[in-house]
Amino acid sequence: MSAPSADPAIAVDRVSKRFRLYHERNQSLKAALLRGRRAAYEEFWALKDVSFEIPEGTTFGLIGENGSGKSTLLKCIARILRPDAGEVRSAGSLAALLELGSGFHPELSGRENVYLNGSILGMSKRAIDARFDAIVDFAGIEAFIDQPVKNYSSGMYVRLGFSVAINVDPDVLLVDEVLAVGDAAFQEKCLEKFAEFRRAGKTVVVVSHAMGSLRSFCDAAAWLEHGRLVKVGPATSVVDDYIDEGHAERQETAGGGSRWGSGEARLTRVELLDAAGRPTTRVRTGDKVTVRMAYETDEPIAKPVFGLALENLDGVYVWAHHSRDGNFVPDSISGSGSVDLAIPRLMLQPGTFDLLASLVDYTTTHTYDFLRHCYRFDVEAGQPRESGGIVALDGEWGNLRDRPDDLDLLPAERT
Amino acid sequence: MSLLSDVRGSRELLVNLTLREVGGKYKRTALGQGWSLLNPLVQMAIFTVVFGVLIKIRPDPGDPSGLEVFALWLVAGLLPWAFFANAVTGGMGALLANANLINKVYFPRETLVLSTVFSWNVTFAIELAVLTVVLLLFGGAPLLFLPLVVVAGLLLTAFALGIALALSVANVYFRDTQHFMALFMQVWFYATPIVYPYSYVRDKASPAVETLYRLNPMERFVTVFRNLLYDNRLPSLSDAVYVTAAAGLALVAGWWVFRRYEGRLAEEL
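Here the structure is a predicted model, which is why all the values come from computation and not from measurement.

### With respect to the overall build of chain A
Then, in step 1: In terms of helices and strands, chain A carries 8 helices and 20 strands.
Then, in step 2: The proportion of buried residues among the 415 residues of chain A is 37%.
Then, in step 3: Sequence-distant contacts in chain A: of pairs separated by 6 or more residues, those separated by 24 or more amount to 74%.

### Regarding the overall build of chain B
Then, in step 1: Of the regular secondary structure elements, chain B holds 13 helices and 0 strands.
Then, in step 2: If you list the helices and strands of chain B from N to C, you get α-α-α-α-α-α-α-α-α-α-α-α-α.
Then, in step 3: Within chain B, the fraction of its 269 residues that count as buried is 43%.

### Examining unusual backbone geometry
Residue and element names in this part refer to chain A.
Then, in step 1: The omega angle of the peptide bond from glutamine 383 to proline 384 is -5°, so this bond is cis rather than trans.
Then, in step 2: For proline 384, the position within the fold is in the segment after strand S20 (367–380).
Then, in step 3: With phi around 55°, aspartate 49 is a residue other than glycine that occupies positive phi space.
Then, in step 4: For aspartate 49, the location among the structural elements is in strand S2 (residues 41–55).
Then, in step 5: A residue is classified by how many C-beta atoms lie within 10 Å of it, and aspartate 49, with 14 of them, is partly exposed.
Then, in step 6: With a phi close to 55°, aspartate 394 is a non-glycine residue in the positive phi region.
Then, in step 7: Along the chain, the position of aspartate 394 falls in the segment after S20.

### Description of helix H4 (residues 125–139) of chain A
Then, in step 1: At arginine 131 of chain A, H4 of chain A shows its maximal bend, which comes to roughly 55°.
Then, in step 2: Considered for burial, the residues of H4 of chain A that qualify are Ile128, Arg131, Ile135, Val136, Phe138 and Ala139 of chain A.

### Describing the sheet that holds strand S5 (residues 94–97) of chain A
Strand pairing in a sheet relies on backbone hydrogen bonds. The paired strands run either parallel or antiparallel.
Residue and element names in this part refer to chain A.
Then, in step 1: Ordered in space as S5-S6-S7-S3-S8-S9, the 6 strands form an open sheet in which the pairing is mixed. Edge positions in the open sheet fall to S5 and strand S9 (228–234), since each of these has one partner strand only. Strand-to-strand twist across the sheet, computed as the mean angle between neighbouring axes with direction ignored, equals 15°.
Then, in step 2: Note: strand S3 (residues 59–63) against strand S7 (residues 203–207), 4 bridges, orientation parallel. Bridge assignment links leucine 62 to a residue of S7, and that residue is valine 207.
Then, in step 3: Its contacts with the sheet place helix H2 (residues 70–77) against S3, strand S6 (172–176), S7 and strand S8 (220–225), and it is angled at close to 150° to S7.
Then, in step 4: Relative to the sheet, helix H8 (residues 235–244) contacts S3, S8 and S9, its axis offset from that of S9 by approximately 135°.

### Regarding the interface of chain B and chain A
Then, in step 1: The interface is formed by 22 residues belonging to chain B together with 26 residues belonging to chain A.
Then, in step 2: Put simply, the parts of the chain that give the side of chain B that touches chain A at least two residues each are helix H2 (11–25), helix H5 (99–104) and helix H13 (265–268) of chain B.
Then, in step 3: In terms of residue count, H2 of chain B provides more of the side of chain B that touches chain A than any other element does, 6 residues in total.
Then, in step 4: Classifying every residue of the side of chain B that touches chain A gives 8 nonpolar, 6 polar and 8 charged.

### So, the packing of helix H3 (residues 110–120) of chain A against H4 of chain A
Residue and element names in this part refer to chain A.
Then, in step 1: It is the contact of H3 with H4, at a shortest axis distance of 10 Å, that shows an interaxial angle of 125°. Here H3 lies oblique to H4, going by the angle between them. In terms of crossing hand, the pair formed by H3 and H4 is right-handed. Within the contact between the two elements, H3 uses Val114, Tyr115 and Gly118 and H4 uses Lys125, Ile128, Phe132 and Ile135.

### Let's talk about the sheet that holds strand S18 (residues 336–343) of chain A
All names here are of chain A.
Then, in step 1: Taken in spatial order, the 3 strands of this open sheet run S11-S13-S18, and their pairing is antiparallel. The sheet is open, and its two edges are formed by strand S11 (265–273) and S18, each paired on a single side. When strand polarity is set aside, the average angle formed by the axes of neighbouring strands in this sheet is 20°.
Then, in step 2: Judged from the 8 bridges that link them, strand S13 (residues 289–297) and S18 form a sheet pairing that is antiparallel. Bridge pairing in S18 links valine 291 to leucine 341.

### Some remarks on the nonpolar core
In a soluble, globular protein the nonpolar side chains are often hidden away together inside.
Then, in step 1: Judged by nonpolar contacts, the single largest core of 141 residues is most densely connected at Leu174, Val205 and Ala221 of chain A together with Ala160 and Ala164 of chain B.
Then, in step 2: Those residues in contact with alanine 160 of chain B that lie beyond four places of it in its chain are Phe84, Ala87, Val88 and Val117 of chain B.
Then, in step 3: Counting residues in each nonpolar core, the second largest holds 26 residues, with Val305, Leu348, Leu359 and Cys374 of chain A among its members.

### Quick look at the pairing of S3 of chain A
Residues and elements named next belong to chain A.
Then, in step 1: Burial of S3 is extensive: 5 of the 5 residues sit out of reach of the surface.
Then, in step 2: Here S3 shows a buried face lined by Thr59, Gly61 and Ile63 and a second buried face lined by Phe60 and Leu62.
Then, in step 3: Two strands pair when backbone bridges link them, and S3 and S8 are joined in this way by 4 bridges, in the parallel orientation. When the bridges of S8 are listed, glycine 61 appears paired with alanine 221.

### Overview of the confidence of the model for chain B
Then, in step 1: In this model, chain B carries an average pLDDT of 90, and 96% of its residues clear a pLDDT of 70 or more.
Then, in step 2: Across the interface, the model reports ipTM at 0.74; the global pTM reads 0.70.

### Points about the pairing of S13 of chain A
Then, in step 1: Taken together, the 8 bridges between S11 of chain A and S13 of chain A define a ladder with antiparallel strand orientation. In the strand pairing of S13 of chain A, leucine 273 of chain A is matched with threonine 290 of chain A.

### Quick look at the environment of proline 59 of chain B
All names here are of chain B.
Then, in step 1: With respect to the element layout, proline 59 can be found in the loop between helix H3 (34–54) and helix H4 (70–97).
Then, in step 2: Measuring from C-alpha to C-alpha, the distance between proline 59 and serine 199 comes to 8.2 Å, with 140 residues separating the pair along the chain.
Then, in step 3: Other than its neighbours up to four places away in sequence, proline 59 contacts Phe70, Trp73 and Pro197.

### Structural notes on the environment of proline 106 of chain A
Residue and element names in this part refer to chain A.
Then, in step 1: Looking at where proline 106 falls in the secondary structure, it is placed in the loop between S5 and H3.
Then, in step 2: On the basis of neighbour count, proline 106 is assigned to the partly exposed category, with 13 C-beta atoms found within 10 Å.
Then, in step 3: Distance in space between the C-alpha atoms of proline 106 and asparagine 151 is 8.1 Å, their sequence separation being 45 residues.
Then, in step 4: Leave out the neighbours within four places in its chain, and proline 106 touches Pro148, Val149 and Lys150.

### Looking at the environment of glycine 248 of chain B
Then, in step 1: Along the chain, the position of glycine 248 of chain B falls in helix H12 (residues 237–261).
Then, in step 2: C-alpha separation for the pair glycine 248 of chain B and leucine 155 of chain B, spaced 93 residues apart in sequence, amounts to 8.0 Å.

Rules and cut-offs
Sequence order sets the numbering: in each chain, residues are counted from 1 along the sequence as written. Whichever chain is written first is A, and whichever ligand is written first is 1; the rest continue in order. Residue-level local features of this predicted model are given only where pLDDT is at least 70; pairs of side-chain atoms are given and counted only at 80 or more, and the full residue set underlies all totals for whole chains, interfaces and linings. The way it works is that DSSP assigns letters per residue, a run of H or I at least four long becomes a helix, a run of E at least two long becomes a strand, and they are numbered from the N terminus. The exposure scheme places C-beta atoms from the backbone and then counts, for each residue, the other C-beta atoms within 10 Å of its own, assigning buried at 20 or more, exposed at 12 or fewer, and partly exposed in between. A pair of residues counts as a contact when their C-beta atoms, built from backbone coordinates, are separated by no more than 7 Å. The angle between axes fitted to the seven-residue stretch ending at a residue and the seven-residue stretch beginning at it gives the bend at that residue. Strands were regarded as paired on the criterion that DSSP finds at least two bridges between them. Under this scheme, a helix contributes an axis fitted over its contacting stretch, all axes are lines through C-alpha atoms, and angles between N-to-C directions fall in the 0 to 180 degree range. In this classification, the charged set is Asp, Glu, Lys and Arg, the nonpolar set is Ala, Val, Leu, Ile, Met, Phe, Trp, Tyr, Cys and Pro, and all remaining amino acids, among them Gly, are polar. When an angle is under 35 degrees it counts as roughly parallel; over 145 it counts as roughly antiparallel; between 65 and 115 it counts as roughly perpendicular; any other value is oblique. Each crossing is labelled by how the near helix is turned from the far one, with a counterclockwise turn of less than a right angle marking it left-handed and a clockwise turn marking it right-handed. Among buried residues, those of type Ala, Val, Leu, Ile, Met, Phe, Trp, Tyr and Cys that are joined through C-beta atoms within 7 Å form a set called a nonpolar core. Note: pLDDT gives the predictor's confidence per residue, expressed from 0 to 100.

Shown next as structure tokens:
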């Protein structure tokens, strides 16, 4: 990595953080008195002896699996948690975007909450006065600013929270996976705001699962594993090493996915397999992949229809395909088994996607089982490598012609 | 004086959080802040009927004010107690109630307890203002003593704040604290001469019990408030010294406990 600058924005110096895992979460006086001490617990080190510096003006990513300690480290930097050993020194003001709008009082109006939340984040009343219009404008909720925030939609709530936090105008901004908020248009605005932030020479620290965006977004990154620092350096090399180690696998399959259906037949497992047939949550654009759906039935199901759909993190409905449209109609299924959808080339641009899976009857009006967001995976840059958006079209530039008399002719019309 | 500089540094946050407490408490109620007056009024009515009319408790007339109104005598002691009880109970729960905030944002944590206690100061001030007017209507002369009432109010605030700070962290580590305190506050209420005069204890109890009884700082606080508001005279020097010492001690001890244990709040919540 580059030589530590004379004046880092954040210096993480041999930081260790110990958590207590209580065997029984029984925080009662009686239990403590009976035992003669507080509940028995095991200690584990969420962070162990982590040191690095974040130079001023960099955008810095923290990567690692779930439980690697990256969020704990972010909270230590944000001073929400206090390290058990070592220290975090920071130059200048900090603002953390850990949960947006977490200080809002539901009964108070948007206006009152902007002042309240701003002061929690350390802004003076005068500073809020000066930025009030910008905050409301950025959130796009002028019409509702005097309504109690409990009447806000969740999107408005998050937008206002983000808007307040970003307008605190700190020297260092800490972000935990909040890039995935709001609709696409608002995300665009957020990214612009981040870019503006970076241009102003401010420091941004991001924790994210989305390796694709981290690589393009960050200058430098630190990779944590089991609370220890594995590597710190330029983002591209750290992210590449991390992916090569096969660590980008997601542990969770997008929690919070909902499920409904009559239940005579159930989808027991949905997974994405790579070309070698191994389950994966990290693929590259253009990879050959297979989606495998496993099922079990209580009774034979005649002419079942399997369905799959994709959404991205904005909730954009990217793609869907069901087996009846695919002219694949088994006469019946019974017991348990599985079915594959083979995708010769995954034409998605880098990003994070959720799978939705369904098992319905032949008329597609009766749902046996429907799993929403049952599998989340990341697409990394591969081939073809295109500039942006959701889908890859494998477009090819060429056929440059500079003769003006030809310009109104399409290639097909030429002979 | 880290205590003062801390509070000064987060003054604006404190004001905003206090306003949130004050504003949020009675939001969307038809009576609004009226509820804060109705509550002591109803309590006054109940206690006056039960203890003044049915049980016929007769406190000494105000000396030198000459007032002889049970309800006013009662309220002069009831209001400081109600403030104390509300401030301790509210302040004690302030950290738990704002667990999400503590887990997501850094800011001086004590502001949560302070703002809750201060929000009850607003209620207390309104109540005292109304009481002062009523006392005037009944021929009392509390105006001269108002500056001292303010001083006594500040001391009581410091006393309540110290207890609330210590209990607020205790409550995070042991969730029984609030339930235990709910019971304890009832005992404390009747161990303090609010619905009966101190003379009833003095006449009946042995000297040892009486000494023990007078150790209760709230007994002194109530006496001081009654001296100023109802009797319209200066409190005794011993009472004044005692409440000042109790307030200072509680605040320093509470602050120390809070500082000692606040480090692991986010993970315990």
